[in-house]
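Listed below, chain by chain, are the residues.
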Amino acid sequence: ELAEKIQPKIVIPMQYKTDKVDFPIQPVEGFLSRFSKVKKLDGSEVDLQKSSLPAGLEVWALKYAC
């Protein structure tokens, strides 16, 4: 809901269930399913430049680092 209200160019999910996390939170897939433009990146870091921001809202899912 918040992403729809503030209309950022990019949303990067940060806290979600992985095989390294054992506390009761949800996996990222449920969150990603709410958006039409999802980009799954191969790394755990991203370099953002104003010139490379998407025209509309995109969700970028990074690989978790640990």
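If you're wondering where the values come from, they're calculated on a predicted model, not measured in any experiment.

Student: Pulling in residues and values, what's your account of the overall build of the chain?
Tutor: Broken down by element type, the chain carries two helices and three strands. Taken from N to C terminus, the helices and strands of the chain fall in the order α-β-α-β-β. Dimensions of the chain along its principal axes, counting C-alpha atoms only, are 35 × 25 × 15 Å. Here the chain holds 66 residues, and the buried ones make up 26% of them.

Student: Tell me about the sheet that holds strand β2 (residues 38–40), and please be specific about residues and values.
Tutor: Through backbone hydrogen bonds, the strands of a sheet pair up, either in parallel or in antiparallel fashion. Spatially, three strands are ordered β1-β3-β2 in an open sheet, and the strand pairing comes out parallel. Unpaired on one side and paired on the other, β1 (10–11) and β2 mark the two borders of the sheet. Pairing analysis gives two bridges linking β1 to strand β3 (residues 58–61), with the strands arranged parallel. Counted as the bridge partner of Ile10 is Glu58 from β3.

Student: Please give an account of the layout of surface pockets that cites residues and values.
Tutor: Space inside the largest pocket adds up to approximately 300 Å³. Along the wall of the largest pocket there are 16 residues; nearest its centre are Met14, Gln15, Tyr16, Tyr64 and Ala65.

Student: Describe the environment of Ile12, listing the residues and the values that go with them.
Tutor: By secondary structure assignment, the location of Ile12 is in the loop between β1 and α2 (28–32). Sequence spacing of Ile12 and Ser51 is 39 residues, and the spatial spacing of their C-alpha atoms is 18 Å. With residues near it in sequence (within four places) discarded, Ile12 still touches Val46, Trp60 and Leu62.

Student: Before we move on, can you summarise the packing of aromatic side chains with the specific residues and values?
Tutor: Tallying each qualifying case throughout the model produces one aromatic pair. For the ring pair Phe31 and Phe35, a centre distance of 5.1 Å and an interplane angle of 55 degrees mean the geometry is tilted. With relative accessibility at 33%, the residue Phe31 sits in the partly exposed group. Phe35 sits in the buried class, given a relative accessible area of 16%.

What counts, and where the lines are drawn
- Residues numbered from 1 in each chain as written.
- Predicted model: local features only at pLDDT ≥ 70, side-chain atom pairs only at ≥ 80, totals over all residues.
- Heavy atoms only, no water.
- Helix = DSSP H or I, 4+ residues; strand = E, 2+ residues; numbered from the N terminus.
- Buried < 20%, exposed > 50% of the residue type's maximum accessible area, 1.4 Å probe, protein only.
- Pairing = 2+ DSSP bridges.
- 1 Å grid on protein atoms, 1.4 Å probe; cavity = no way out; pocket = protein on both sides within 12 Å on 5 of 7 lines; lining within 4 Å.
- Points joined across faces, edges and corners; volume = space filled by probe spheres on them.
- Contact = heavy atoms within 4.5 Å.
- Phe/Tyr/Trp six-rings, centres within 6.5 Å; stacked < 30°, edge-to-face > 60°.

Geometry only, nothing functional implied.
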